[in-house]
Amino acid sequence: METRVALLAILVKDASHVDTLNQLLHEYGPFIIGRMGIPYREKGIHIISIAMDAPLDCINALAGKIGRIPGISSKIVFAN
């Protein structure tokens, strides 16, 4: 199966749903290359970047599931 390298940018505005986010990231753990989180306390948000190497459907599914969590948004950038 062909895989793609992608960066998933996540902004957490409502930390009360972070358990749901972490559960999803754990579920997709085999596809995650690395993860970095930055708390931006002055703005009250958390910035998370996830590097992935996964099938396109898998990356899109994770981004879609994250996008349905209240107070959390995500965008994907694909490597060429």
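Residues numbered from 1 in each chain as written. Predicted model: local features only at pLDDT ≥ 70, side-chain atom pairs only at ≥ 80, totals over all residues. Heavy atoms only, no water.

Looking at the secondary structure, you find S74 in strand β4 (residues 72–78). According to the relative accessible area criterion, S74 is buried, its value standing at 17%. One polar contact links the side chain of S74 to the main-chain carbonyl oxygen of A63, over a distance of 3.3 Å. In this structure, S74 is in contact with L8, A9, I10, A63, I66 and G67, ignoring residues within four places of it in sequence. (Helix = DSSP H or I, 4+ residues; strand = E, 2+ residues; numbered from the N terminus. Buried < 20%, exposed > 50% of the residue type's maximum accessible area, 1.4 Å probe, protein only. Polar contact = N/O pair within 3.5 Å; in protein donor to acceptor, adjacent residues only side chain to side chain. Contact = heavy atoms within 4.5 Å.)

This part takes up the nonpolar core. Counting 19 residues, the largest nonpolar core has L8, I10, L21, L62 and I66 as its most contacted members. Elements with a contribution of two residues or more to this core: β1 (4–12), α1 (18–27), β3 (45–54) and α2 (56–67). Broken down by element, this core gets its largest block of residues, 5 residues, from α2. Among all residues touching L21, those that are not within four sequence positions of it are I10, V12, I48, I66, I69 and I72. (Core = buried A, V, L, I, M, F, W, Y, C linked by side-chain atoms within 4.5 Å.)

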